[in-house]
Amino acid sequence: MPAETIQDAISAVYEAESRRVLATLIRLLGDFDAAEEALHDAFRAALEQWPRDGVPANPRAWLVSAGRFKAIDARRRRSRFDSLEDAPGGGAVGVVDAHAWADPESVDDDRLRLIFTCCHPALAPDAQVALTLREVCGLRTEEIAQAFLTPAPTLAQRIVRAKGKIRDARIPYQVPEPSELPMRLDAVLRVIYLVFNEGYSASAGDSITRTDLSSEAIRLGRLVVELLHEAEAIGLLALMLLHDSRRDARTSPAGELIVLEEQDRSRWNREFIREGAALVRRALSSARFGPYTIQAAIAAVHADAPSADATDWAEIAGLYDVLLAMSPSPVVELNRAVAVAMRDGYDAGLKLVDDILARGDLADYRLAHAARADLCRRLGRISEARESYHRALTMTRQEPERRFLQRRLSELGGGA
Amino acid sequence: MKYLCLVYLERAKWNAVADRECANCGDTLRTRGALLAAEPLHPVETATTVRVRHGRTVVTDGPFAETKEQLAGFYLIDAVDLNEAIQIASRIPPAREGSIEVRPVRELDTSENIPA
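If you're wondering where the values come from, they're calculated on a predicted model, not measured in any experiment.

1. Details of the overall build of chain A
Across its full length, chain A holds 18 helices and 0 strands. Looking at chain A as a whole, 39% of its 416 residues are labelled buried. By sequence separation, contacts in chain A at least 24 residues apart represent 59% of the contacts at least 6 residues apart.

2. What to know about the overall build of chain B
If you tally the helices and strands in chain B, you get 2 helices and 6 strands. Counting helices and strands in the order they occur from the N terminus, chain B gives β-α-β-β-β-β-α-β. In summary, chain B has a C-alpha radius of gyration of 17 Å against a globular reference of 13 Å for 116 residues, an excess of more than 25%. If you line up chain B on its principal axes, its C-alpha atoms span 50 × 40 × 20 Å. Each of the 116 residues in chain B was classed as buried or not, and the buried ones make up 19%. When contacts within chain B are restricted to residue pairs at least 6 apart in sequence, those whose partners lie at least 24 apart make up 78%.

3. Remarks on the packing of helix H14 (residues 330-344) of chain A against helix H15 (residues 346-359) of chain A
Residues and elements named next belong to chain A. Put simply, H14 and H15 touch, their axes get as near as 6 Å, and they point 165° apart. If you check the angle between H14 and H15, you find them roughly antiparallel. Handedness of the crossing formed by H14 with H15: right-handed. Here H14 contributes Pro-330, Glu-333, Leu-334, Ala-337, Val-338, Val-340, Ala-341 and Asp-344 to the contact with H15, which in turn contributes Tyr-346, Ala-348, Gly-349, Leu-350, Leu-352, Val-353 and Ile-356. Here the residues of the contact of H14 with H15 sort into 12 nonpolar, 1 polar and 2 charged.

4. A word on the confidence of the model for chain B
Parts of the model with low pLDDT should not have their predicted coordinates read in detail. Here chain B averages 92 in pLDDT, while 97% of its residues score no lower than 70. Ranking the elements of chain B by mean pLDDT puts strand S4 (residues 56-61) of chain B last with 92 and strand S6 (residues 99-104) of chain B first with 98.

5. What about the nonpolar core?
Residues and elements named next belong to chain A. Counting residues in each nonpolar core, the largest one holds 129 residues, and the members touching the most others are Leu-25, Ala-238, Leu-242 and Val-353. Among the elements that take part in this core, helix H10 (residues 231-244) stands out by supplying 10 residues, more than any other. Discounting chain neighbours no more than four positions away, the residues touching Val-353 are Leu-334, Ala-337, Ala-368, Ala-371, Arg-372 and Leu-375.

6. Focus: the confidence of the model for chain A
Here chain A averages 89 in pLDDT, and 90% of its residues register 70 or above. When the criterion is pLDDT under 50, residues 84-98 of chain A qualifies, and its contacts beyond four places in sequence or with other chains add up to 14 contacts.

7. Quick notes on unusual backbone geometry
In this structure, Pro-63 of chain B follows Gly-62 of chain B across a cis peptide bond, with omega equal to 15°. With respect to the helices and strands, the residue Pro-63 of chain B is situated in the loop between S4 and strand S5 (69-78). In this structure, His-229 of chain A takes a positive phi of about 55° despite not being glycine. In this fold, His-229 of chain A is placed in the loop between helix H9 (207-228) and H10. Take His-229 of chain A: there are 11 C-beta atoms within 10 Å of it, and that puts it in the exposed class.

8. Overview of the sheet that holds S6 of chain B
Residue and element names in this part refer to chain B. The 4 strands are arranged S2-S5-S1-S6 in an open sheet whose pairing can be described as antiparallel. Two strands in the sheet have a free side with no partner beyond their single neighbour: strand S2 (35-40) and S6. The sheet shows a mean angle of 20° between the axes of neighbouring strands, taken without regard to direction. Across 5 bridges, S2 lies against S5 in antiparallel orientation. Looking across to S5, one finds that Pro-40 is bridged to Gly-73. Along the sheet, helix H2 (residues 82-90) contacts strand S1 (2-10), S5 and S6; its crossing angle with S6, the most-contacted strand, is approximately 155°.

9. Overview of the pairing of S5 of chain B
Both S1 of chain B and S5 of chain B contribute to a ladder of 9 bridges, which runs antiparallel. Residue pairing in the sheet places Tyr-8 of chain B in a bridge with Leu-71 of chain B of S5 of chain B.

10. A short note on helix H13 (residues 313-326) of chain A
Residue and element names in this part refer to chain A. Relative to the 20 Å expected for 14 residues at 1.5 Å per residue, H13 spans 20 Å between its end C-alpha atoms, a close match to the ideal helical length. Here H13 has its buried residues at Ile-316, Ala-317, Leu-319, Tyr-320 and Leu-323. Mapping the buried residues of H13 onto a view down its axis gives an arc of 160°, with all of them on the same face.

Parameters at a glance
Residues numbered from 1 in each chain as written. Chains lettered and ligands numbered in written order. Predicted model: local features only at pLDDT ≥ 70, side-chain atom pairs only at ≥ 80, totals over all residues. Helix = DSSP H or I, 4+ residues; strand = E, 2+ residues; numbered from the N terminus. Buried ≥ 20, exposed ≤ 12 C-beta atoms within 10 Å, placed from the backbone. Contact = placed C-beta atoms within 7 Å. Rg over C-alpha atoms; globule rule 2.2 N^0.38 Å. Axes fitted to C-alpha atoms, helices over the stretch in contact; angles between N-to-C directions. Parallel < 35°, antiparallel > 145°, perpendicular 65-115°, else oblique. Left-handed = near helix turned anticlockwise from the far one by under 90°. Nonpolar A, V, L, I, M, F, W, Y, C, P; charged D, E, K, R; others polar. pLDDT = per-residue confidence, 0-100. Core = buried A, V, L, I, M, F, W, Y, C linked by C-beta atoms within 7 Å. Pairing = 2+ DSSP bridges. Expected span 1.5 Å × (residues − 1). Arc of directions from axis to C-beta.

This is the structure in structure tokens:
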């Protein structure tokens, strides 16, 4: 094979297999840093040997085996300089079934182990996110830092601290017991959804990098669905796909925010909608679905509608009732109020929004004031609308959102 | 692996959990071989702080930190990993009233460093 073809083959193997290989090496070596180093060494060995010997029949097994060998070798070399009994962890390596890594099922388990370890509740939430993107998705620390608008050293520190805790407090490299699975899966799904939203609702920073975060989250969602078949994981994947289907339609070429009602629906990604809707049906058919699935079902109703007016608002309001019963929150109530406004009339919706605001729960929530402003605008209550737009503006930190509210405000006339 | 489970309680809840219940919890853990030691503490008003500075022992009343919860007792447990430690900690009765801080115990490094 010519050299470039081999290089391409190795790059392709890296792309497809490096995270799997890493997940298995962490299990075999019992240490994140040693596994990363071993992964690196294994690919360096591949770059040397594959051009000469050809790409092995099972590249993943070759890489795991090479990485493991290199790591044991490195430990041996180090232990020669250390005191006698201090061959760190040397005894632990090798006690694992030597063939386990070749078994596709246990390799899949390794990927799940990695996900659940990175999203362990004993780690700080921002560390869970950083570690998942770093270890499961293979993003570089600088990329994650850029995407989250965090200085790279801060992010690197976060990852180092999390790995230190995994090691010192001995967070096990395990898929949780069935009895703990629902709670632990919640944590994993929360991390994935947070990554998705960071990419989706982002407005500051390099928009391209942040779009990548949404794709990364969808990829993670697919991985969890593939490995676990849990209804809520399916629901979350559906939700992300259905939201992402509107990506191109929700901003103008100039970067202005376009609300759902005004989007050009021909620009929605039909492929994502088809896949998302099918996933919603699959999740709903199981008895174990939860809030993500209901939110996905709501998104599917929108996706199905030819226009905002022709949307089945009764269905959406009904789904919000279910969601509210499942996970009561003032934000869900607010969304329900908007659906009720579309179903029963703006007056009815405004009354609900005012009730929520009067309780004080969402007094500092920009979208509550924006929703009130919008309903007042539709009802022709201009001065109230203006007041609520102003209030929402004082709470908005996202630039496109600010411009959107400003535009609405100036459309009301009479000066801002 | 050893973990120290530190029990924190607000002063008002010092006696919210019956001693009998805590003793039972300790007995259950001891039977399983998971308990190395466990003791309840008197409230922080009874605490004395000792420091040695410039060779002199300095004794003060307290500490009286501004925190709401104070150390009320401890369980030194033996668990395979953090997951098991968390499971055990969640069954320590005052977890309902206050909080349990789970800290992995570190080995003292007594190896002599031989210069290479």
